[in-house]
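A closer look at the structure
One-letter residues, chain by chain:
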Amino acid sequence: MKPILLQGHERSITQIRYNREGDLLFTVAKDTVANVWYSVNGERLGTYNGHTGAVWCVDCDWDTKNVLTGSADNSCRLWDCETGKQLAMLNTSSAVRTCGFDFSGNIIMFSTDKQMGYQCFLNYFDLRDPQQIEDNQPYLTVPCSESKITSAVWGPLGEFVIAGHENGEINQFSAKTGEVLKKVKEHSKQINDIQSSVDLTMVITASKDCSSKLFDSTTLDHIKTFKTERPVNSAAISPIMDHVVMGGGQEAMEVTTTSTRIGKFEARFFHAAYEEEFGRVKGHFGPINCVAFHPDGKSYSSGGEDGYTRIHYFDPQYFDFELEA
Amino acid sequence: MHDTDDMPPDVDYDEDEPSFSDPEDFVDDIEDEELLGDLLREKPQEADGIDSVIVVDNVPQVGPERLEKLKNVIHKIFSKFGKITNEFYPEGPDGSTKGYIFLEYGAPSQALEAVKNADGYKLDKQHTFRVNVFTDFDKYMNISDEWETPEKQPFKDFGNMRHWMEDSDCRDQYSVIYESGERTAIFNNDPKEPIVAEERARWTETYVRWSPKGTYLATFHQRGIALWGGEKFKQIQRFSHQGVSLIDFSPCERYVVTFSPLMDTKEDPQAIIIWDILTGQKKRGFHCESSAHWPIFKWSHDGKFFARMTQDTLSIYETPSMGLLDKKSLKISSIKDFSWSPGDNILAFWVPEDKDIPARVTLMQLPSRQEIRVRNLFNVVDCKLHWQRQGDYLCVKVDRTPKGTLGVVTNFEIFRMREKQVPVDVVEMKGDPESKNAESIIAFAWEPNGNKFAVLHGESPRINASFYHVKSNGKIELIKMFDKQQANSIFWSPQGQFMVLAGLRSMNGALAFVDTSDCTMMNIAEHYMASDVEWDPTGRYLVTSVSWWSHKVDNAYWLWTFQGRLLQKNNKDRFCQLLWRPRPPTLLSQEAIKTIKKDLKKYSKIFEQKDRLSQSKASKELVDKRRSMMEEYRQYREAVLHQYQDQKAARLELRGGVDTDELDSNTDDWEEETIEFFINEEIIPLGE
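Residues numbered from 1 in each chain as written. Chains lettered and ligands numbered in written order. Predicted model: local features only at pLDDT ≥ 70, side-chain atom pairs only at ≥ 80, totals over all residues. Heavy atoms only, no water.

With that out of the way, let us pick up the overall build of chain A. The helix and strand tally for chain A stands at two helices and 28 strands. The buried share of chain A, reckoned over its 325 residues, is 61%. Across chain A, the fraction of contacts at a sequence separation of at least 24, relative to all contacts at a separation of at least 6, is 42%. Element-wise, carbon and sulfur atoms account for 47% of the exposed surface of chain A, whose accessible area totals about 12,700 Å². (Helix = DSSP H or I, 4+ residues; strand = E, 2+ residues; numbered from the N terminus. Buried < 20%, exposed > 50% of the residue type's maximum accessible area, 1.4 Å probe, protein only. Contact = heavy atoms within 4.5 Å. Areas by Shrake-Rupley, 256 points an atom, 1.4 Å probe, with all protein chains shown as cover.)

The following block contains the structure:
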């Protein structure tokens, strides 16, 4: 089916997120505005205005009340989803790279970049305590001096955050004590993205080392590997099929030739159990920066370096397709 | 005098000087050999200054009254080489000198210089000096009079050196360097997927080379070359040559020539070393002025001779003595290039025009040095020598500037080597009629075992590929010309007939597979940004590759059939180089090959059956593998989902009792919403 093209950003897309029901799609980009769209027809519902730098990350809580964004303007902001009103602004010393609501929607986390002499911090706020927001004082802050956090997602039941680092490590940071519960290093290069499965039991990583890996959220056991020949920027797990989708491509600065044929990367579909590629979707001009499955598994979206977001609905054959086994 | 005043006050040297002697219980676990083995090998000895002393014989015997005069003469001659620090004129009982003298210089190098230059110096008719270094006497005295038989070296068995030829499926091997040189692997080529035969980290420091018959794999290291072979790729030989950067095997695989830009010294030539592969011994070293054109030494096809060209000379050496053939080089003034026939001991070389003497291409038989053919050429700018692989033909590509025309014209002079007096025919490359300039030649290649050749000519994007056929009567016929080709290189199959025209690097990796028996394009394909093309030694497969050395992304090698059907895409991280392992020449006689070709149908049936079997086996293996992976994954998911169910209560609690496990698990809360889809727009003018 013809994809729906969302044209709402002037710069490359940095992250896209569906809400839990999947009726809304949030997109953020290197421009300053966060957009929200109806996923069914691609109509723009509204914007969240206020940031003054590139927006790196976005998340929405489970009952679609609040939206959280983190930006290179050294702030993490909380918005009312429906009205677009800014509810809170948490100032930081460096850019906010990742953010997220926990399972209950009461606790938020965000991580900051190692930048301008500041090191990387992982901060936890409890939204039930207005004092924390007012004083901009997280109840827990974890310094990560070794290698900065480049991607992070909450684990199941809000017990810990699973963070991917610049050096390829994955750590579980407890939301209570901040200590590292588990640590694995299966990737050799930066982890660009971590996303969890719909039931939060598994996470998939996307790494610059040209591969994606599936891990158990709790034990961080490595389960599967999906290999390509390009750096992977984002990966997502299908909620209904044993499939994963990956998006990536050569970094713009690393593509030396003027040819458009080099460095491109189509969205690639792999079978989660067989680790085999079975399909590709073309479309973006340049690398894909983020991918996400609709929670009903019947469509997926991708955001590209070209500044567009595309919503793809699967053809019926997609659901019938089986690899011989 | 300030200096002395500024001297520091006397240091008390009695102050605790650390003891350098070993403690009593010290056990020296490092042997001298390990610590300074490289020095010990040179057997250094304490210098006592006697190596600066020379002995001069045949000096006139004079009485005391003329001694002063003699000393003056001697001084005059010998102080040219350095300052004489000491001298001794032994005298007989009658007071006259004994006819030999000793002179000492300030340095051994001056003594050596004196020996080199003054030995044989004619003082007058009766007296010719004999000059020797004093230490030489010692050296030659110490040589034992009895000849000791060298100890017999035990035979080292490396197993079957041609093990790979015994592969039941006749698979060829190739070496692959990847991870920017960190890893090297040997694969058995299989149409399904490559099978690893050996893989090692840091096997070589730069690249690898196969020997011409495929017996050895040479790896490069800072300290020299190592050769590997046999079933398990054990180390077979080592050649220590510091900083080695280039090597070349003799075609017979008996010798290897190594080149290092370091190490060369005046007395001991070490820039180029020729080694005996079987014994590992250094056979001879050579100086090297410039390494611009490797190989510097070119081998004759059987490894009997090797030759090198220097200014106005062509030096031919013979094996195994490594000495100059007939003890002298050939004087060929202003020789530009030479090349051995790959089939016979015949050398071709050319010299450019010199005033009124025309340029010449000469064919010379060896070791007789008989000139079997000389061809004079006029207005020559440049010549290139191209031998057909069996030595049946020689093509000399001649660039000329004929009088009265502008620009360069190219001719191909074809020498038919197998016929009496070596007749020569000329193919003229006619230029593009539209442009004044003659066409430029991009590439030329002989069919390896036939009588055809291919030429790429023209200017991009109007590049033509022409195929010529040399008939037995000497006529050269253009069989076919393809115009507007995207190609800059020609790769013939080692078996002939088939070839690939490739547009490498700047031409984006365009590939055209041609069958020259009827000159059809079998397939046109592309390996984007391909930098290399390699035929397997049997001519069944072809590999195209994008090397990390020339291009930093999409490094991979692709395997094709000779017809141009793509079989595999092998992506390897920072892939650098692929080299097929050459095969030794066949042991079958011509008749035996003929019979096999006649009975091909009989064999092909067996092979087809084998292919079908392996295919069905492969798909079964794949299905089995998938099944087991699926089973494993399913078990994991079951266990996890079980745990997930157990946590349901915790989840409900966290979300205030709302069940969100399924998308539609709380439909009661749902609100209905109407959404409009913009399908299309149509303006319909309303009629009256």
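Turning our eyes to something else, we now look at the overall build of chain B. On a plain count of helices and strands, chain B comes out with eight helices and 41 strands. Taking as baseline every contact in chain B between residues at least 6 positions apart, the subset at least 24 positions apart corresponds to 43%. Of the roughly 42,400 Å² of accessible surface on chain B, 50% is carried by carbon and sulfur atoms.

All names here are of chain B. Considering the arrangement of structural elements, one finds Phe-467 in strand β31 (residues 462-470). For the pair formed by Phe-467 and Ile-479, sequence separation is 12 residues and the distance between their alpha carbons is 5.6 Å. In this structure, Phe-467 is in contact with Phe-453, Ala-454, Glu-477, Leu-478, Ile-479, Lys-480, Phe-482, Met-499, Val-514, Thr-516 and Cys-519, ignoring residues within four places of it in sequence.

Let us look at the interface of chain A and chain B. The interface is formed by 36 residues belonging to chain A together with 33 residues belonging to chain B. For the pair chain A and chain B, the summed buried area comes to about 3,400 Å², and 62% of that belongs to carbon and sulfur atoms. For the interface between chain A and chain B, the tally reads three salt bridges. Between B:Asp554 and A:Arg230 there is a salt bridge, with its nearest N and O atoms 2.6 Å apart. Taken together, the connections running from chain A to chain B amount to six residue pairs in polar contact (both at pLDDT 80 or more). (Buried area = accessible area lost by both parts, 1.4 Å probe. Salt bridge = Lys/Arg side-chain N within 4 Å of Asp/Glu carboxyl O. Polar contact = N/O pair within 3.5 Å; in protein donor to acceptor, adjacent residues only side chain to side chain.)

On to the environment of A:Gly303, then. Residue and element names in this part refer to chain A. With respect to the helices, strands and loops of the structure, Gly-303 is situated in strand β27 (residues 299-304). The spatial distance from the C-alpha of Gly-303 to the C-alpha of Ser-234 is 9.8 Å, given a sequence separation of 69 residues. Ignoring sequence-local partners within four residues, the contact set of Gly-303 consists of Ile-13, Ile-16, His-284, Ile-288, Asn-289, Cys-290, Tyr-308 and Thr-309.

Residue and element names in this part refer to chain B. Secondary-structure assignment places Val-55 in strand β1 (residues 53-57). On a C-alpha basis, the gap between Val-55 and Phe-129 in space is 9.8 Å, while along the polypeptide they are 74 residues apart. Filtering out sequence-adjacent residues up to four positions away, Val-55 remains in contact with Ile-101, Phe-102, Arg-130, Val-131, Asn-132, Phe-134 and Phe-137.

Okay, the pattern of salt bridges next. Residue and element names in this part refer to chain A. Tallying each qualifying case throughout the model produces 47 salt bridges over all chains. We note a salt bridge from Glu-169 to Lys-183, for which the minimum N-O separation is 3.9 Å. A residue pair is termed long-range when its members are at least 10 positions apart, and Glu-169 in strand β16 (residues 169-174) and Lys-183 in strand β17 (residues 180-185) qualify at 14 residues. Judged by relative accessible area, Glu-169 falls into the buried class, the value being 13%. Under the relative-accessibility criterion, Lys-183 is labelled partly exposed at 48%.

All names here are of chain B. The four strands are arranged β8-β9-β10-β11 in an open sheet whose pairing can be described as antiparallel. Every interior strand has two partners, whereas the edge strands, β8 (208-210) and β11 (234-240), have only one. Neighbouring strand axes in the sheet, compared pairwise and without regard to direction, differ in orientation by 25 degrees on average. Of the strand pairs in this sheet, β8 and strand β9 (residues 217-221) are connected by three bridges, and their pairing is antiparallel. Considered in β9, the bridge of Trp-210 is made with Leu-217. (Pairing = 2+ DSSP bridges. Axes fitted to C-alpha atoms, helices over the stretch in contact; angles between N-to-C directions.)

Quick look at the sheet that holds strand β11 (residues 107-112) of chain A now. Within a beta sheet, neighbouring strands are joined by backbone hydrogen bonds and run either parallel or antiparallel to one another. All names here are of chain A. An order of β10-β11-β12-β13 is seen for the four strands of this open sheet, with the pairing classed as antiparallel. Looking at the sheet topology across the chains shown, the edges are occupied by β10 (96-101) and β13 (140-144). Neighbouring strand axes in the sheet, compared pairwise and without regard to direction, differ in orientation by 15 degrees on average. In terms of strand pairing, β10 meets β11 through five bridges, oriented antiparallel. Residue pairing for β11: Cys-99 is matched across the bridge by Phe-110.

Residue and element names in this part refer to chain B. Ranked by internal contacts, the top residues of the largest apolar core, which has 22 residues, are Ile-54, Val-56, Ile-74 and Phe-78. Contributions of two or more residues to this core are made by β1, α3 (64-78), β3 (101-105), α4 (108-118) and β4 (130-133). For this core, the element with the highest residue contribution is α3, accounting for five residues. Once residues within four sequence positions are removed from consideration, Ile-54 is found in contact with Phe-78, Ile-101, Phe-102, Leu-103, Tyr-105, Ala-111, Ala-114, Val-115, Val-131, Asn-132, Val-133 and Phe-134. (Core = buried A, V, L, I, M, F, W, Y, C linked by side-chain atoms within 4.5 Å.)

Tallying each qualifying case throughout the model produces 54 aromatic pairs over all chains. Here B:Tyr255 and B:Trp299 contribute two aromatic rings whose centre-to-centre distance is 5.7 Å and whose plane-to-plane angle is 5 degrees, an arrangement assigned as stacked. Here the residue B:Tyr255 occupies a position in strand β13 (residues 255-259), and B:Trp299 occupies one in strand β16 (residues 298-299), the gap between them amounting to 44 residues. Like B:Tyr255, the residue B:Trp299 is buried in the burial classification. Ring pairs connect the aromatic residues A:Phe269, A:Phe278, A:Phe293, A:Tyr300, A:Phe314, A:Tyr318, A:Phe319 and A:Phe321, which therefore count as one cluster. Over the face of the ring belonging to B:Phe338 we find B:Lys298, whose NZ or CZ atom lies 4.5 Å from the ring centre. Geometry around B:Trp164 places B:Arg581 over its ring, the cationic atom sitting 3.7 Å from the centre. (Phe/Tyr/Trp six-rings, centres within 6.5 Å; stacked < 30°, edge-to-face > 60°. Lys NZ or Arg CZ within 6 Å of the ring centre and 35° of its normal.)

What follows concerns helix α7 (residues 600-646) of chain B. Here α7(B) is 47 residues long and its end C-alpha atoms lie 69 Å apart, about the 69 Å a rise of 1.5 Å per residue gives. Taken together, the buried positions of α7(B) are occupied by B:Val623, B:Arg626, B:Met629, B:Tyr633, B:Tyr636, B:Arg637, B:Val640 and B:Tyr644. Its buried side turned inward, α7(B) meets β19 (202-207), β20 (211-216) and β21 (222-227) of chain A together with α8 (648-654) of chain B. (Expected span 1.5 Å × (residues − 1).)

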